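Inside the fold
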Amino acid sequence: MAAHAEATSSFKLALIQLAVGSDKATNLSRAAEKVREAAQNGSKIVALPECFNSPYGTQYFKDYAEEVPAETGQPGPGAGESCKALSQVARECGVFLVGGSIPEVRKGKYYNTSMSFGPDGALLGVFRKVHLADVNIPGKLRFREPDVLSPGNKFLSFDTDWCKVGIGICYDLRFPELGSIYGLRGCKLLLYPGAFNTVTGPVHWELLIRGLAANNQLFVAGISSAQDLTASYHAWGHSMLCNPWGKVVVSADEKEGIVYGEVDLSEVDRVRSHIPVTAQKRWDLYSITDKTST
Ligand SMILES: O=C(O)CCC(=O)C(=O)O
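Being a predicted model, the structure only gives us computed values, none of them experimental.

Under the 1.5 Å per step criterion, the end-to-end length of helix H5 (residues 201-216) is 22 Å for 16 residues, consistent within 8% with the ideal 22 Å. Turning to H5, its buried residues are Gly201, Trp205, Leu208, Ile209, Leu212, Ala213 and Asn216. End-on, the buried residues of H5 take up no more than an arc of 120 degrees, which puts them together on one face. Away from its buried face, by an angle of more than 90 degrees, H5 presents the exposed residues Val203, Leu207 and Asn215.

Here you go:
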């Protein structure tokens, strides 16, 4: 880490709102191009959206699924093509890369899995979506990830040169316990690759991101794919970064693009000193327990 250490407590974060199509190789090469662009523009941590290598939908997961390395560190020759592509571009650009998510196959089961990489291309850890999307709004929208996917059972937080970062995926935003656990672990930035939709997105996406940020007094970003009204699933877009005060620092519209936000970590301490809720928890009356090992 020392080689990348910065004297400042502030860094540039890039949220890549990628237009995802049906060709996996194209998705991977376009994602890598955008990571390069974000790095050239000074970003230190770069994040991709949920299901960035495949269209979003339970009907696609099995066809696009890959194996994900069981071990952290440099991916070996047997690693899947998405893992290799992400590791290579993270190393080439010298950035921390949160690789959105991809459908994963592991011992005959399927997962919605996010891989994060360090600036040397090493896999820092994986997060398998813990809460699977289960939405049924009659006449408007129905999709059930549990029909195809299994849930993950572990959380993922990792150190960067600036702060600890916690990872969730999309529907996980609806479960504030996860964000609170990351806050208790000392994370100051939470990244949620996601793909809310044109039914739930307009009201819930920003509300959930801002709520998580204000309640835990830390930075939260949601990274969506771009909207494609010709696809079977209409992603909401609107990738955004929210600060510890609960204010949206920067956000996208529905189109493809890169959203840049400055993460000034001194804001975490400032907000926590102005309104000390983080220190005022009544742990004598309630509890939130992290039952996972990493
Ligand atoms: O919770 C929602 O409204 C959408 C969730 C979703 O699309 C997902 O988890 O991938």
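Attention now moves to the site of the ligand. Within the structure, the ligand sits among 13 residues, and Tyr56, Lys129, Arg174, Thr200 and Tyr233 are positioned closest to it. Here an oxygen atom of the ligand sits 2.9 Å away from a polar atom, N or O, in the side chain of tyrosine 56. In this structure, an oxygen atom belonging to the ligand sits 2.6 Å away from a side-chain N or O atom of lysine 129. Against a free-state accessible area of 290 Å², the protein chains account for coverage of 100% of the ligand. Comparing atom positions with the cavity grids shows the ligand to sit within the largest cavity. Each residue belonging to the shell around the ligand can be placed in one class, and the counts come to eight nonpolar, two polar and three charged.

Moving on: the UniProt feature "domain: CN hydrolase" (unreviewed entry) in the protein chain. Under the present numbering, the feature "domain: CN hydrolase" (unreviewed entry) in UniProt falls on residues 11-265. Each end of residues 11-265 is marked by a C-alpha atom, and these two atoms are 9 Å apart; helix forms 25% of the span and strand 31%.

All right, on to the pattern of salt bridges then. Any two side chains of opposite charge can pair, so long as their charged atoms come close to each other. Per the stated rule, a full pass over the model turns up 14 salt bridges. Measuring nitrogen to oxygen at the nearest pair gives 3.1 Å for the salt bridge that ties arginine 144 to aspartate 134. Placement of the pair is arginine 144 in strand S8 (residues 141-144) and aspartate 134 in strand S7 (residues 134-137), with a sequence separation of ten residues. Here aspartate 284 ties to arginine 282 by a salt bridge, and the two come within 2.8 Å at their closest N and O atoms. By sharing partners, the salt bridges in this structure join Lys24, Glu66 and Glu81 into a single network.

Definitions and cut-offs
- Residues numbered from 1 in each chain as written.
- Predicted model: local features only at pLDDT ≥ 70, side-chain atom pairs only at ≥ 80, totals over all residues.
- Heavy atoms only, no water.
- Helix = DSSP H or I, 4+ residues; strand = E, 2+ residues; numbered from the N terminus.
- Expected span 1.5 Å × (residues − 1).
- Buried < 20%, exposed > 50% of the residue type's maximum accessible area, 1.4 Å probe, protein only.
- Arc of directions from axis to C-beta.
- Near = heavy atom within 4 Å.
- Polar contact = N/O pair within 3.5 Å; in protein donor to acceptor, adjacent residues only side chain to side chain.
- Areas by Shrake-Rupley, 256 points an atom, 1.4 Å probe, with all protein chains shown as cover.
- 1 Å grid on protein atoms, 1.4 Å probe; cavity = no way out; pocket = protein on both sides within 12 Å on 5 of 7 lines; lining within 4 Å.
- Sits in = over half its atoms within 2 Å of the grid points.
- Nonpolar A, V, L, I, M, F, W, Y, C, P; charged D, E, K, R; others polar.
- UniProt positions renumbered as here; feature names shortened; annotations may be inferred.
- Salt bridge = Lys/Arg side-chain N within 4 Å of Asp/Glu carboxyl O.

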